[in-house]
Amino acid sequence: MNAYDWQQMLLLFAALLLLVKPLGAYMAKVYQGETTFAAPLLRPCENLLYMLGRINKADDMDWKQYAGALLLFNLVCCAALMAMLLTQHLLPLNPQQLPAFPWQLALNTAVSFVTNTNWQNYGGESTASYFTQTAGMTVHNFVSAATGMTVAIALIRGFVRRKTALLGNFWVDLVRTVLYILLPISCVAALFLASQGVIQNFAAYKTAAPLQAGGLAMQIPMGPVASQEAIKELGTNGGGFFNANSAHPFENPTPLTNFAEIFLILLIPASLTYTFGVMAGNTRQGWGLFIAMLLLLTAAFAVLQWAESSGNPAISGLGVQSGNMEGKEVRFGLVGSNLFAVVTTATSCGAVNAMHDSLTPLGGLATLSLILTGEVVFGGVGSGLYTMLAFAVIAVFVSGLMIGRTPEYLGKKIEVREIWMSILTVLTAGVVVLVFSGAALLVPSAVTSMSNPGAHGLSEVLYAFASMANNNGSAFAGLNGNIPFYNLLGAAAMLIGRYVPVVAVLAMAGSLAEKKYIPPSLGTLPTDRAPFVLWLILVIVVVGALTFFPALAMGPIAEHLLMTGGK
Amino acid sequence: MAKHPQSSPSAFDGQLLRGALADSFKKLDPRSLWRNPVMFAVEIASAVTLFTFLQSLVGAAAEPVWFTGSVSLCLWATVLFAAFAEALAEGRGKARAASLRKSRTNIMAKRLAAPAFGAEYTLVEANQLRKGDHILVETNDLVAGDGEVVAGAALVNESAVTGESAPVIRESGGDRSAVTGGTTVIANAVVVRITTDPGETFLDRMIALIEGAKRRKTPNEVALEVLLIALTLVFFLVCVNISPLSVFSVKAISHGQPVSLTILAALFVCLAPTTIAALLPAIGIAGMNRLFQKNVIALSGRAIEAAGDVNVMLLDKTGTITLGNREAAALIPVGGHTERDLAAAALTASITDETPEGRSIVLLAEKHYGLTPQPLPPDAVSIGFNAETRLSGVDLAGRRYRKGAADSVVAFVKQQGGKIPKNLDQLVNGIAHAGSTPLVVCRDAEILGVVNLKDIVKPGIQERFAQLRSIGIKTVMITGDNPLTAAAIAAEAQVDDFLAHARPEDKLNMIREYQEQGYMVAMTGDGTNDAPALAQADVAVAMNTGTQPAREAANIIDLDSNPTKLLDIVEIGKQILMTRGNLTTFSIANDVAKYFAIIPASLASIYPQLEALNIMHLASPHSAILSAVIFNAVIIPLLIPLALKGAKYRPMPAEKLLMFNLLIYGVGGMIVPFIGIKAIDSVIGLFI
């Protein structure tokens, strides 16, 4: 890494550290219903929405009502999006007269956007109309992100509240998330991106004359990209406007926009740790989680950066010393691509600015591992925090036993119910990956859609299900996902991977809220200090490693050994 | 008092071992094993390998016969070792229960027609007695059931229950009215009202508890089991997943063998947290037994677990924090007398005083003033303490030596026309305010000085409280003394708080208040008036000498009636949790090494390059897998002693303790199997 590379990386961390506190504190205020500087402008809109929806702000819900409202809302969203995709050809803003989605693809896509996965078995510019992109995808980018955040907030309330069944009102939390947090930031971000050359129009695709005489004319897709790009990163959605996602020059034209996009992806998941700290009454608790996440992120980046700059010995043997540039954009370089790759897989974003399929085996292993550990390294907006908290509950439980006490976290006793729910939250995605990837390798049509046989093909399938079950959405590519098998099984993976943890987390929140608070004593294990943070990291890494070591051994590890062996 | 600690059979007593071995085969029955789901899954995996072994005998399996056979054998051994650990823990209790049961059989009771001496009685068998019946128990009769003395008083030998040979007095009314079935009256007779139905008596409950028959899983145990089951399920899926992945790999690169069923079963058993799952039941049972060896009966496992969580302890001053008796600590002369003068007079006044206070004065005079008590001449008259004068002393050589409470001595002196020194009042009050009792000494009409009788804080109690403080337990002293005295003693004993002028309802309120703030409260008690507070406390220890209501309200009974036992109970409660936590961490940490042994070995035919992961340089794929399986089985019996004794508890702050245990069981748990598997592999290498 040269000085420029270091600057890029350190600047990212510095910017993040600088903004985590103010944004985190702001979000805590929003969720606690306090007045913020944005109130004069937004409060009337908020109240209008409540009036239209006949929502009484003061009506708190217990966990079942909260989960019910959330599931109902998501179901309606999913159905609406699917209807839109199936009738795309009848709807306006379709200058290219793109046809309707086939139903399996529509189902996969609708589920994908509602679950904040944004796995795309379609190419944006060749399949989706402007109406679909703006009224469908972009809207869902907002609400699916908001859904994740409401769950995280409900869980925090579960820890904070005492002897009550009530977790807050889902509709109020949803409205506030979108209105006070997602909309303002994405407006600013969209304007910035547009100023840097990200396009924003509803024009028909342009045709460019061929450069070479006798060559074919090129079609250049257009569209309202900037508005979708901002929330795509901010809401850790990751569904690209174009098939090439953030590698496309209209989505991500310059190193500066690249930096901004990476930053936007991390912004909310990182700040939520501070929100957690503020609401829990001890910001050190939030910083502890933040540091655990940052350390894991840095470690993964180090591996990826090392693997990519070492490249393939077969190529560097030829005197090419640039590292592995295959599948990477020259304008971003190694570090710009690697940072993006690490951040997008660490959070459950899934936007890409480089081909993950072309990463070196160990580089691919680094990104795959970030997904397989359950998307807790900052993770998706909201989902990263709640999954991390579920990991913390398990870590607290085992360490609590080790010091001879009924474990407690943030003054709440961890008992059978919390363990059940944490396990469901943490392990569901892993179970889905194991079962579905095994199944995929037994189905001939699934095997034939791989473009690479052997260890790399295995990595592709593993990555695909890891990405879907963990609601990441990035793809190793190299795998044709638009076949009935992947469309349907993928939809199932995304649904299970999203809603089983969501319901489990809400159930845990309900159970925690009803408990009384136990004041800490010398016998209580402090969870805001280095030993616990290290233990938490260890638990995450060990659970992930034990679950996927055999599969990884037959995938990236075997591939790496084959590569270094010169095969 | 003669102590007969419960005989604690050694863990590896020959007879126990044989019994446990026989029992462990019975426990292999799937109908009983399913109660331990992880081991049940291991049994199924073992059955699978038995099947592949039979297949290999007819040449239909992927692996050689010797390999399948040995793996199967090891897997079965794993299940057997787990059953053995549980059987061994139970066996230790059973031996004790059998001796208890003897004292229960064939007791005949004299059922009275009316609850009074002299009423007619009929002889009935003990098991026909019901709640509310009255029985007559005479000298050398066994008490037929739990009850309360309603008339009379008797000397009772309770050694059958407590192991304590010194007989105790049981009498109607007051706090010593409870009698336990199975004990023997050795003098006098009492009328007892039966308070429990047969089958529910203290003895019955004790036997059930000790045998582990009625042992219900505690909340923490259930939570841990949930975690273990989830991990087992995940590891099962990991193994299932390997199959299609390896089939695919073989097809894709067209060489090698898919991973065989035998190896998948072996891998599953190695990965599943068998070590902790095998020892989990034994840890709980052994914890109960360890308590029992300390003469403490926990009426539920929950109570012991709660003991580990206690963060406030209410302790009675007398007997727990201070020795029951006060002791002379200093002599303060008045009115120009010398200390030595005073010492000599105090010695004389106390020479016939056999109370502990009196003896302590004699001792002080000897030790500090070099005086030797002279035998009294025959004409000396010893004046015992009497309620009227409230003085005691000796008339010697025409002089009257007296000691007593200030007002009594002042009255005695005034009566003889003596003068009262001016500073006496101030002195006496000063001593009282410092938490001690002043005793004034006079010779005829002359007041010589004051003896400072101190409440003696038990030696070493400060250290224990400091220990408790260091693990986050707050101590509260409960006393009937006035606040000033209480404060002085509290300061000396270094308790964190005290409750003076304590009435029973004050205790109850205090417990409620602490609980309201989220604390777990432990207390000890023995009187009927303690019962409400005991019922409210999270951990309630009743003295065995206590009343029936107190014992019913409690969830732990201390057979020795030693209030400091609470500290031991807390320690054992913590030990049980720690043993579970540490072995869980150890069990999971082990998996890392097992992966490094098994994965390169099982995939060797597909990807020989994975040999790079064989960092232990195990000889061959087969010996690698076999070594892992053997290690996994053998570690269980090796850890049985730890499970039975419990992890050593070190009082230190939580964070330090965690780091310490993580170092031993976490880091150690990663390293030990690398060494163990390598060693086993080297031995196997000698044979193949």
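What you are looking at is a predicted structure, and each value in this text was computed from that prediction instead of being measured. (Residues numbered from 1 in each chain as written. Chains lettered and ligands numbered in written order. Predicted model: local features only at pLDDT ≥ 70, side-chain atom pairs only at ≥ 80, totals over all residues. Heavy atoms only, no water.)

All names here are of chain A. Contact geometry for helix α1 (residues 3–31) and helix α10 (residues 283–310): axes closest at 13 Å, N-to-C directions at 165 degrees. Relative to α10, the element α1 lies roughly antiparallel. Taken as a pair, α1 and α10 cross one another with a handedness that is right-handed. Packed against α1, whose contacting residues are M9, F13, L16, L17 and V20, the element α10 presents W287, F290, L294, L297, T298 and F301 at the interface. For the contact of α1 with α10, the per-class residue count stands at 10 nonpolar, 1 polar and no charged. (Axes fitted to C-alpha atoms, helices over the stretch in contact; angles between N-to-C directions. Helix = DSSP H or I, 4+ residues; strand = E, 2+ residues; numbered from the N terminus. Parallel < 35°, antiparallel > 145°, perpendicular 65-115°, else oblique. Left-handed = near helix turned anticlockwise from the far one by under 90°. Contact = heavy atoms within 4.5 Å. Nonpolar A, V, L, I, M, F, W, Y, C, P; charged D, E, K, R; others polar.)

We now examine the packing of helix α12 (residues 339–350) of chain B against helix α13 (residues 356–369) of chain B. Residue and element names in this part refer to chain B. At a closest axis distance of 9 Å, the pairing of α12 and α13 adopts a crossing angle of 145 degrees. Seen from above, α12 lies across α13 with left-handed handedness. Contacts from E339, R340, A343, A346, L347 and S350 in α12 reach G358, I361, V362, A365 and Y369 in α13. Looking at the contact of α12 with α13 residue by residue, the classes come out as 7 nonpolar, 2 polar and 2 charged.

On to the sheet that holds strand β17 (residues 474–478) of chain B. Residue and element names in this part refer to chain B. With respect to topology, 7 strands assemble into an open sheet ordered β9-β21-β20-β19-β10-β17-β18, the strand pairing being mixed. Strand pairing shows two members of the sheet lacking a second neighbour, β9 (296–298) and β18 (497–499), which therefore form its edges. For this sheet, the mean angle separating the axes of adjacent strands, direction not counted, is 20 degrees. For strand β10 (residues 312–316) and β17, the ladder comprises 5 bridges, and the chain directions are parallel. Following the sheet pairing, V312 is matched in β17 by K474. (Pairing = 2+ DSSP bridges.)

With that settled, consider the nonpolar core. If you look at the biggest cluster of nonpolar residues, it comprises 337 residues, and the most contacted ones within it are I181, I268, Y409 and L536 of chain A together with M313 of chain B. In terms of residue count, helix α19 (residues 530–564) of chain A provides more of this core than any other element does, 19 residues in total. A domain-level breakdown of this core finds at least three residues from each of domain 1 (14–95 + 211–292 + 574–685) and domain 3 (297–321 + 458–559) of chain B. Those residues within four positions of Y409 of chain A in sequence are excluded, and the remaining contacts are F159, F276, Q285, L289, L389, A392, V393, V396, I414 and T527 of chain A. Counting 25 residues, the second-largest nonpolar core is a separate cluster that includes F202, M523, L534 and A540 of chain B. (Core = buried A, V, L, I, M, F, W, Y, C linked by side-chain atoms within 4.5 Å. Buried < 20%, exposed > 50% of the residue type's maximum accessible area, 1.4 Å probe, protein only. Domains from an automatic or database assignment.)

Moving on to the confidence of the model for chain B. Here chain B averages 85 in pLDDT, and 94% of its residues register 70 or above. In this model residues 1–9 of chain B is a low-confidence stretch, pLDDT under 50, and it forms 16 contacts with partners more than four residues away in sequence or in other chains. (pLDDT = per-residue confidence, 0-100.)

Counting residues at the interface gives 59 residues for chain A and 60 residues for chain B. Between chain A and chain B the total buried area reaches about 5,300 Å² when both faces are included, carbon and sulfur atoms providing 76% of it. It is M402, L546 and M554 of chain A in chain A that bury the most area against chain B; as a group they hold 15% of the surface buried on that side. On inspection of chain A and its partner chain B, the count reaches 2 salt bridges. Salt-bridge contacts for R529 of chain A lead to E655 of chain B; the nearest nitrogen and oxygen are separated by 2.7 Å. The interface formed by chain A and chain B includes 11 residue pairs in polar contact (both at pLDDT 80 or more). Of all elements in the fold, only α14 (383–402), α15 (416–440), α17 (454–469) and α19 of chain A reach the threshold of two or more residues within the side of chain A that touches chain B. (Buried area = accessible area lost by both parts, 1.4 Å probe. Salt bridge = Lys/Arg side-chain N within 4 Å of Asp/Glu carboxyl O. Polar contact = N/O pair within 3.5 Å; in protein donor to acceptor, adjacent residues only side chain to side chain.)

Our next topic: the side chain of N237 of chain A. All names here are of chain A. By secondary structure assignment, the location of N237 is in the loop between α8 (225–234) and α9 (255–279). There is a polar contact of 3.2 Å between the side chain of N237 and the backbone oxygen of N141. Polar side-chain contacts of N237 include one of 3.0 Å to the backbone oxygen of I231. Here N237 is in contact with N116, T117, N118, H140, N141, S144, I231, K232, S348, C349 and N472, once residues within four sequence places are set aside.

With that out of the way, let us pick up the state of the cysteines. According to the stated counting rule, one finds 0 disulfides over all chains in the structure shown. Lacking any disulfide linkage, C239 of chain B is separated from the closest cysteine sulfur, that of C270 of chain B, by 9.2 Å. (Disulfide = S-S within 2.5 Å.)

Once that is clear, we can look at the domain arrangement of chain B. All names here are of chain B. Split into domains, chain B comes out as domain 1 (14–95 + 211–292 + 574–685), domain 2 (108–141 + 147–195), domain 3 (297–321 + 458–559) and domain 4 (327–456). Every contact between the two is made by 9 residues of domain 3 and, on the other side, 7 residues of domain 4. Carbon and sulfur atoms make up 51% of the area that domain 3 and domain 4 hide from each other, which totals about 520 Å². At the junction of domain 3 and domain 4, the tally comes to 0 salt bridges. On the surface where domain 3 and domain 4 come into contact, there are 0 residue pairs in polar contact (both at pLDDT 80 or more). Of all the elements in the fold, those that place two or more residues in the side of domain 3 that touches domain 4 are α11 (317–321) and α17 (483–493). When residues of the side of domain 3 that touches domain 4 are assigned to their parent elements, the largest contribution, 5 residues, is made by α17. Looking at the side of domain 3 that touches domain 4 residue by residue, the classes come out as 4 nonpolar, 1 polar and 4 charged.

For the rest of this paragraph, the subject is the pattern of salt bridges. Enumeration over the complete set of coordinates arrives at 33 salt bridges over all chains. The residue K294 of chain B makes a salt bridge to D568 of chain B at a minimum N-O spacing of 3.8 Å. Pair noted here: K294 of chain B is in the loop between α9 (274–293) and β9 and D568 of chain B is in helix α21 (residues 565–602), with a separation of 274 residues, a long-range link. Put simply, E229, K232, E233 and E251 of chain A are held in one network by salt bridges that share partners.

On to the environment of I489 of chain B. All names here are of chain B. Tracing the chain through its elements places I489 in helix α17. Note on I489: relative accessible area 3%, which makes it buried. Along the primary structure I489 and L323 are separated by 166 residues, whereas in three dimensions their C-alpha atoms are 12 Å apart. With residues near it in sequence (within four places) discarded, I489 still touches K317, T322, G435, D455, V457, M477 and D481.

The subject of this paragraph is the packing of aromatic side chains. Residues and elements named next belong to chain A. Tallied over the entire structure, the rule returns 26 aromatic pairs over all chains. Taking the centre distance of 6.0 Å and the plane angle of 90 degrees together, the rings of F436 and F465 count as edge-to-face. Residue F436 is found in helix α15, and its partner F465 is found in helix α17; the two are separated by 29 residues along the sequence. As far as the burial class goes, F436 and F465 line up, both buried. One aromatic cluster is present, built from ring pairs that chain together Y130, F202, Y205, F241, F242 and F250. The side chain of R162 reaches across the aromatic face of Y517, ending 4.0 Å from its centre. (Phe/Tyr/Trp six-rings, centres within 6.5 Å; stacked < 30°, edge-to-face > 60°. Lys NZ or Arg CZ within 6 Å of the ring centre and 35° of its normal.)

Even without being glycine, E375 of chain A reaches a positive phi, approximately 55 degrees. Inspection of the secondary structure puts E375 of chain A in the loop between α13 (361–372) and α14. A relative accessible area of 2% places E375 of chain A in the buried class. Residues other than glycine seldom take positive phi values, yet N140 of chain B does so here, at roughly 70 degrees. On the accessibility criterion, N140 of chain B (60% relative accessible area) is exposed.

The next point concerns the environment of W34 of chain B. Considering the arrangement of structural elements, one finds W34 of chain B in the loop between α2 (30–33) and α3 (37–57). In the structure, W34 of chain B is positioned 64 residues away from A98 of chain B in sequence and 27 Å away in space, judged by C-alpha atoms.

This brings us to the pairing of strand β3 (residues 134–137) of chain B. Residue and element names in this part refer to chain B. Residues of β3 alternate between two faces, with H134 and L136 on one and I135 and V137 on the opposite face, all of them buried. Pairing analysis gives 2 bridges linking strand β1 (residues 108–112) to β3, with the strands arranged antiparallel. Opposite R111, over in β3, you have I135 as the bridge partner. Of the pairings in the sheet, the one linking β3 to strand β8 (residues 190–194) comprises 4 bridges and is antiparallel in character. Across the sheet, L136 pairs through a bridge with V191, a residue of β8.

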